[in-house]
Amino acid sequence: MNTIRRALCGFFLPLFAVSLFSQPALAVWYQGNAQLAVDGADLNVIRAAGIKNAIADASFQHGIMITAKDISLDGLLQSSKTELRSEGKIRRVEILSEEVVDDILHVYVKVDIEPLFDCSHDNYMRALLVTQLPVLKPAQASYGAIFDLGPQVSKRVEQQLFSDELVAKVQLINQVFIPKSVLQEPTFGYISDTARHLANQYHSQFVLFGYIRDISLFEQTTKGLISDDVALRRNFTMQLYLFDAFKNKMLVNQSYHGEADWNFNATYPVDTYNSLFWRSDYGRVVLNTINSAVIDISNTLTCQKSLGQIIHKNNRHIVINIGSEMGVAKGDRFQLIKSEALPGQNGNVFNILTNEETHVLTVVSADAQTATLSSNDASLFDNSNLFDLVSPLAGY
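Note that the coordinates shown come from a computational prediction; the quantities given were computed from them, not determined experimentally. (Residues numbered from 1 in each chain as written. Predicted model: local features only at pLDDT ≥ 70, side-chain atom pairs only at ≥ 80, totals over all residues. Heavy atoms only, no water.)

Attention now goes to the side chain of glutamate 98. Assignment of secondary structure puts glutamate 98 in strand 3 (residues 90-101). Residue classification places glutamate 98 among the buried positions, given a relative accessible area of 8%. Side chain to side chain, glutamate 98 and arginine 47 meet in a polar contact 2.4 Å long. (Helix = DSSP H or I, 4+ residues; strand = E, 2+ residues; numbered from the N terminus. Buried < 20%, exposed > 50% of the residue type's maximum accessible area, 1.4 Å probe, protein only. Polar contact = N/O pair within 3.5 Å; in protein donor to acceptor, adjacent residues only side chain to side chain.)

Structure (structure tokens):
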């Protein structure tokens, strides 16, 4: 019996990846379970069927009719808390426990299902600036010589965001964000200053930055009938901040964690550019952790309003920093938003945004990254300034 339980904890299933569509920001988790008789069958097959049945059970409780054959998962399946991606209304799956009792496999899962409500958002796509994600404590990378893990993780975050249907433009820049102290969380003011500086430099409303907090190793002991099994495992903890620099608003401040067996020799320098690393237990957990973060980022961006920033003006036209690449087209209408930065306590800066409802601008032309707007109200050009904002009117 203990042998079967340990086998379950170590099984990995090569299931096919599927695309994930943008979903509302809030997660709605439902639990499901399934029981299947082992009866001498291939445990790999039984376990896959049990997990799918448990997911279908959770979906049924939510009122969504999804059968086991319709479910396809991407990533590593293990009895620890591993988050996975799925198709349609199922966004993530967390396997809570698996156990064989009296030759019956019991599987319990927690499923993140798309909420039945939707948030109010415009039809424009988003542009997102992404910084490099460095390893916060480089000494932790010495075991295995995985000093290139930061750039590799950053590139995979960029690639997964590129596949998102909502994000039209992902720009990964060669800059890093490091907190002033590895022992303390960065203050809101420090995060705000960093985001606003990057946004002004690259003309981007949304900025994603952070760091890899922990890649330390530890030993995990599993009790056995004759002897204990000791496995060397490694953490992967990533801290991310998603910031709306135009509104000076934190959208995501979240730590994402995974862990897995470290199967490489202590003296073996691991090549993080090699697919052997990413197919290993640890590499797949890193990818799953990135998947989970990208889901949250996409969900959050879905419910944010796109704002354009004035980057040029004269007495007849205004040019903003979003264009056809984000879905802006000739004839679209915007309203002016006056932006004023006010100093607060502890050096914090507060953005005061004021809608100028009487000032309507219409797009007269658009290229990939910019759009030119005009207005019949001549006073608008006197009342607007560089770095003021425009917001799409209802219906756009």
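Once the structure has been displayed, the description carries forward.
Our focus in this paragraph is helix 2 (residues 43-61). For helix 2, which comprises 19 residues, the first-to-last C-alpha distance of 27 Å matches the rise-based estimate of 27 Å (1.5 Å per residue) to within 8%. Along helix 2, the positions that sit buried rather than exposed are Leu43, Ile46, Arg47, Ala48, Gly50, Ile51, Ala54, Ile55, Ala56, Ala58 and Ser59. (Expected span 1.5 Å × (residues − 1).)

To continue, consider the packing of aromatic side chains. Following the criterion strictly, the structure yields 15 aromatic pairs and no others. Judged by centre distance (5.8 Å) and plane angle (70 degrees), the ring pair of phenylalanine 177 and tyrosine 241 falls under edge-to-face. In this pair, phenylalanine 177 is assigned in the loop between strand 6 (167-176) and helix 4 (188-202) and tyrosine 241 in strand 9 (residues 229-244), connecting sequence segments 64 residues apart. Take phenylalanine 177 and tyrosine 241: they sit in the same class, and that class is buried. Taken together, the aromatic side chains of Trp262, Phe264, Tyr268, Phe277, Trp278 and Tyr282 make up a single cluster linked through ring pairs. The residue whose ring lies beneath arginine 156 is tryptophan 278, and the NZ or CZ to ring-centre distance is 4.0 Å. Over the ring of tryptophan 262 we find arginine 234, and its NZ or CZ is 4.5 Å from the ring centre. (Phe/Tyr/Trp six-rings, centres within 6.5 Å; stacked < 30°, edge-to-face > 60°. Lys NZ or Arg CZ within 6 Å of the ring centre and 35° of its normal.)

With that settled, the discussion passes to the environment of phenylalanine 246. For phenylalanine 246, the location among the structural elements is in the loop between strand 9 and strand 10 (249-261). Since its relative accessible area comes to 3%, phenylalanine 246 is described here as buried. For the pair phenylalanine 246 and leucine 353, spaced 107 residues apart in sequence, the C-alpha to C-alpha distance is 9.0 Å.

Across soluble globular proteins, nonpolar side chains show a tendency to be buried alongside one another. Within the largest apolar cluster, 36 residues are counted, with the highest numbers of intra-cluster contacts made by Leu149 and Val153. If you list the elements that add at least two residues to this core, you get strand 5 (126-132), helix 3 (149-162), strand 7 (206-214), strand 9, strand 10, helix 5 (275-278) and helix 6 (281-302). Broken down by element, the residue count for this core peaks at eight residues, all from helix 6. When residues no more than four places from it in sequence are discounted, the contact partners of leucine 149 are Ile212, Ile215, Phe236, Thr272, Phe277, Trp278 and Tyr282. Counting residues in each nonpolar core, the second largest holds 19 residues, with Val38, Ile46, Val93 and Val111 among its members. (Core = buried A, V, L, I, M, F, W, Y, C linked by side-chain atoms within 4.5 Å. Contact = heavy atoms within 4.5 Å.)

Moving on, we get to the environment of aspartate 148. If you trace the backbone, aspartate 148 turns up in the loop between strand 5 and helix 3. Relative accessible area serves as the criterion here: at 37%, aspartate 148 is assigned to the partly exposed category. A C-alpha to C-alpha distance of 9.7 Å links aspartate 148 and valine 270, two positions 122 residues apart in sequence. Setting aside chain neighbours within four positions, we find aspartate 148 in contact with Thr272 and Tyr273.

A few words on the pattern of salt bridges. Here the structure, examined in full by the defined rule, presents six salt bridges. The residue glutamate 259 makes a salt bridge to arginine 233 at a minimum N-O spacing of 3.7 Å. Separated by 26 residues along the polypeptide, glutamate 259 in strand 10 and arginine 233 in strand 9 bring together distant segments of the chain. Residue classification places arginine 233 among the buried residues on the basis of a relative accessible area of 7%. With its nearest N and O atoms 2.9 Å apart, the salt bridge here joins lysine 338 to aspartate 388. Of this pair, lysine 338 sits in strand 13 (residues 333-343) while aspartate 388 sits in the loop between helix 7 (379-383) and strand 16 (389-392), and the two are 50 residues apart along the sequence. Among the residues examined, aspartate 388 registers a relative accessible area of 3% and is labelled buried. The network of salt bridges with common partners includes Arg233, Glu259 and Asp261. (Salt bridge = Lys/Arg side-chain N within 4 Å of Asp/Glu carboxyl O.)

As a further point, take helix 6. Taking 1.5 Å per residue, 22 residues should reach 32 Å; helix 6 reaches 32 Å between its end C-alpha atoms and fits that length. Counting buried residues in helix 6 gives 20 out of 22 residues, a clear majority hidden from the surface.

Relative to strand 10, strand 9 runs antiparallel, the two sharing 12 bridges. Its bridge partner lying in strand 10, phenylalanine 236 is registered against glycine 258. The antiparallel hairpin formed by strand 9 and strand 10 contains four residues in its connecting segment, where asparagine 248 sits at a positive phi of about 55 degrees. (Pairing = 2+ DSSP bridges.)

Below, the discussion takes up the side chain of serine 192. Here serine 192 is to be found in helix 4. Apart from residues no more than four positions distant in its own chain, serine 192 is found in contact with Phe243 and Asn248.

Right, let's talk about the pairing of strand 3 for a bit. Bridge analysis of strand 3 against strand 4 (residues 104-113) gives 10 bridges, and the strand direction is antiparallel. The residue of strand 4 that forms the bridge with glutamate 99 is histidine 106. What sits between the antiparallel neighbours strand 3 and strand 4 is a turn of two residues, in which aspartate 102 has the positive phi angle 55 degrees.

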